[in-house]
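Working through the structure, step by step
Single-letter residue listing:
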Amino acid sequence: MAKLTPMMEQYMKIKAEYKDAFLFYRLGDFYELFYEDAIDAARELEITLTKRGGGKGESEIPMCGVPHHSAENYIKTLIEKGYKVAICEQVEDPKTAKGVVKREVVQLITPGTVMESNMLKEGENNYIASLSHFKDGSYVIAYNDLSTGENYLALISGGWDSVIHELFNQPIREIVISSNLPEEMQHQLKERLNITLSFQDEVTFSAEYRSLSENLNDERLMKAFSRLLNYIQDTQKRSLDHLQPAEVIRLKDHLSLDMYSKRNLELTETIIKKGKHGSLLWVLDKTATAMGSRMLKKWLERPLLDRNQIEARLEAVEGFYRGFMERDTLREVLRSVYDLERLAGRIAFGNVNARDLIQLKVSLEKIPELKNTLEQFQVKELSNLAEQLVYPEYLVGLLDASLVENPPMSIKEGSIIKTGYNETLDSYRDASKNGKTWIAELEQKEREETNIKSLKIGYNRVFGYYIEVTKANIHLLPEGRYERKQTLTNAERYITPELKEKEVLILEAEEKSVDLEYTLFIEIREKIKKHIPELQQLADVVSNIDVLQGFATVSEENNYKRPRFGNSSLMIKNGRHPVVERVMKDGSFVPNDISLDEDKHILLITGPNMSGKSTYMRQLALTAIMGQIGCFVPCEEADLIIFDQIFTRIGAADDLVSGQSTFMVEMLEAKHAIANATDRSLILLDEIGRGTSTYDGMALAQAIVEYIHNNIHAKTLFSTHYHELTALEDSLSNLKNIHVRAEENEGTVVFLHQIKEGAADQSYGIHVAKLAELPDALIERASVILQQLESDDKPTPNTEKIEAGQLSFFVEDKVPVKNDKQPKLAKQHTVVTELKDLNLFELTPLEAMNELYRLQKMVKQ
Ligand code: ADP
Ligand code: MG
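Residues numbered from 1 in each chain as written. Chains lettered and ligands numbered in written order. Predicted model: local features only at pLDDT ≥ 70, side-chain atom pairs only at ≥ 80, totals over all residues. Heavy atoms only, no water.

1. Quick word on the overall build of the protein
The secondary structure content of the protein amounts to 28 helices and 27 strands. Computed over the C-alpha atoms, the radius of gyration of the protein is 36 Å, more than 25% above the 29 Å expected from 2.2 N^0.38 for a compact globule of 861 residues. Based on the C-alpha atoms only, the size of the protein along its principal axes is roughly 125 × 75 × 60 Å. Out of the 861 residues in the protein, the part that is buried amounts to 52%. Excluding contacts between residues fewer than 6 apart, the proportion of contacts in the protein whose partners are at least 24 apart in sequence is 67%. Of the accessible surface of the protein, which amounts to about 41200 Å², a share of 49% is contributed by carbon and sulfur atoms. Between the centroid of the 105 positive side chains of the protein and the centroid of its 134 negative side chains there is a distance of 4 Å. (Helix = DSSP H or I, 4+ residues; strand = E, 2+ residues; numbered from the N terminus. Rg over C-alpha atoms; globule rule 2.2 N^0.38 Å. Buried < 20%, exposed > 50% of the residue type's maximum accessible area, 1.4 Å probe, protein only. Contact = heavy atoms within 4.5 Å. Areas by Shrake-Rupley, 256 points an atom, 1.4 Å probe, with all protein chains shown as cover. Lys, Arg positive; Asp, Glu negative; His and termini not counted. Charge placed at Lys NZ, Arg CZ, Asp CG, Glu CD.)

Shown next as structure tokens:
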């Protein structure tokens, strides 16, 4: 292979250490990328790919570049796509360098370690996690949010599946693992959960970590935590002073929601659009700060199990709820509190400017008012919160004495420190001010003595101070009075030795004062750094207050009621679905009751498609979760029980990413519920058995209900389109039939969305098809088939009986055909349109088969 140029040799050497990152290699005013990096970056960033010769005889090297001053946006794009970027700078002056300029990677930016506020979402954490696995089959996940300094650890003993359930839907951007983790698992983390992988094989415990890990009494926890910290230290090469002691999350203390439930219930994002809009979080988030918004998300991830903790939150919410005037004031105050948590992180990282510190001051100044407002509610829980707010008087004093109110962005150009804060600085400022006064006086004196009224003294960076006289007045100047310095078109500029002397004094003073201001600023920042734990504690209390007032606000706006806990039975009067009611026209949501107790703990729900079965089921789960995070609930009255786990099997969306069929997902979800549920759990099974043939599906559905009834005793809602199953009420004593009422009015179905006791009498599927405006002929034909089927005992279609030829499917004159000489085309067109309009998720397998049979027949004709 031909020899590379020395520069490319250097490149190759550095690149070898950063194989999994884009290497941004600084070349003058550009960051250049080479080889594969260049090809990939050109594609991802949509920039032009060029070539350069790498050495004699070397074929051309693919290359692309971005200007260094606008690199930030390109880096952001790559990070958002889950890539890592290594920034390689010139670390010596190119002018004095001998040979190739020395270069080094100064920072590795990764999705989990970004600190730049424009790359972070305000109301969302940005976690980097580590995963360690142990011989005993357990796993430990360590979480860190570098921007806020939080650290969490979770020990998982339920095997790999539980790891996936835990990680699912959390804002984890990057995960640090050992390369020993089996391929398949790595693949799942990367592809299924869309998390960037990083590797840290060697794990060393450093004494520095001791203060962060005092409460970790398990070696496994230590190992996972050290893996994470090792990686962060290796990549970030900066102060990690703001990291908080690791908190161990005891999964057993929280309502556990498996990944299916988190997804199906759309707690923090919707299934289809993957956005917050339309999720429970969207309805509940009435927080006034970004910190509060992040805290709310955490609470939603982990609802409580401890009744006292739940009641304490509810008590606080009730306090806020009642004092709505004070709450308005409180919200106003909260709105002016900046993101203390992330400010603290950036102070530790050393990337704050004076403006950030002024924001900090303004926020801290609000604390007394916040305390005061909280006291006004006169509620014990709220006074407790007020007490936890410790006003950092010292910091406010320091910031107030030192920084001007409107400092510039830059911390290197002065004008940030107040007069009176530092004597030396004041003396420099005096010197420069005196010098300037002297110059102003000189100007006055020279005008008088020369009699030139337009004479002036000016300043520019190149020539310094000068006396300027217009060409028209030069004849008035006595010979040799000044020394000529510069000629302009209509003026001359002069200097005098005295003026130069003063200039030196002024500039020196100014330079010194700018330098000193910078030093003072760094000092102030370091002083604040020592108080980061106080700031973090404050941030924590403020977030709590914010979430709780948010609960009160949303409860008031939507008329939620405080739930009661403590009974062994569950009763909700006029319950509503918190999200559906919000997206519907005001007041059009039909409320429904529900009751579940030991005696009747399984409800079998029947009713036509689109009548509201799924809504009713989710409504219960969401209400339970809202109650267990300490929020009021959408109903008139509620006695809730504390569920330990919620399992769901809802919806028909394929798990496309993992490549499993709907039916397989159904079975996995059912298995997960059956394997883990207890008599304190809630299980929602929505139309299980739909994805397979009728007999098959019905048999499975029945067996599952029986199993839950006899062995698990979990509170269960079970909706089904198999009417045959309603007979189970006779054999299973703890099962009760309910149905959603629909009425038939002149052949059209009217949904009342009302839940009633007993089983539904018919399916109305065809009526729904009619509502969906399927062609009339199709509807008629379906009615005929239905009659034929209903006269037959067997639920499977007997194809011989379903003779398609008896009715013409496409009444040709009804089909919009441009060229009626081509009836065949028209037919095909009809088939395609009908196929397109079919809503597969609303069809039973039997209906689907009939449809397919019918459509095929149409084409064959
Ligand atoms: P099913 O599961 O029975 O097919 P869904 O629960 O999916 O029906 O509900 C279908 C639609 O009916 C929902 O999208 C909603 O617009 C409406 N709906 C459901 N429940 C109610 C209700 N209680 N009040 C008003 N509209 C409702
Ligand atoms: Mg449904």
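2. So, the sheet that holds strand β3 (residues 50-53)
Judged by pairing direction, the sheet is mixed, and its six strands sit side by side in the order β3-β4-β2-β1-β5-β6 without closing on themselves. Of all strands in the sheet, those with a lone pairing partner are β3 and β6 (103-109), marking the two edges. Strand-to-strand twist of the sheet, defined as the mean angle between neighbouring strand axes without regard to direction, takes the value 35 degrees. Bridging between strand β1 (residues 22-27) and strand β5 (residues 85-90) involves four bridges; their strand directions are parallel. When the bridges of β5 are listed, Tyr25 appears paired with Cys88. Lying over the sheet, helix α2 (residues 35-45) contacts β1, β2 (30-34) and β4 (60-67), oriented at roughly 50 degrees with respect to β4. (Pairing = 2+ DSSP bridges. Axes fitted to C-alpha atoms, helices over the stretch in contact; angles between N-to-C directions.)

3. Some details on the UniProt feature "binding site: ATP" (unreviewed entry) in the protein
Per the UniProt record, the feature "binding site: ATP" (unreviewed entry) sits at Gly607, Pro608, Asn609, Met610, Ser611, Gly612, Lys613 and Ser614. The residue Asn609 is located in the loop between β21 (602-606) and α21 (613-629) in this model. With respect to the helices and strands, Ser614 occurs in helix α21. With a relative accessible area of 29%, Ser614 lands in the partly exposed category. (UniProt positions renumbered as here; feature names shortened; annotations may be inferred.)

4. Some remarks on helix α12 (residues 340-349)
Two residues of an α-helix separated by three or four positions point the same way, owing to the 3.6 residues in each turn. Counting buried positions over the ten residues of α12 gives ten, a clear majority of the element. Of the positions making up α12, those classed as buried are Leu340, Glu341, Arg342, Leu343, Ala344, Gly345, Arg346, Ile347, Ala348 and Phe349. A positive phi of about 80 degrees marks Gly350, the residue just after α12.

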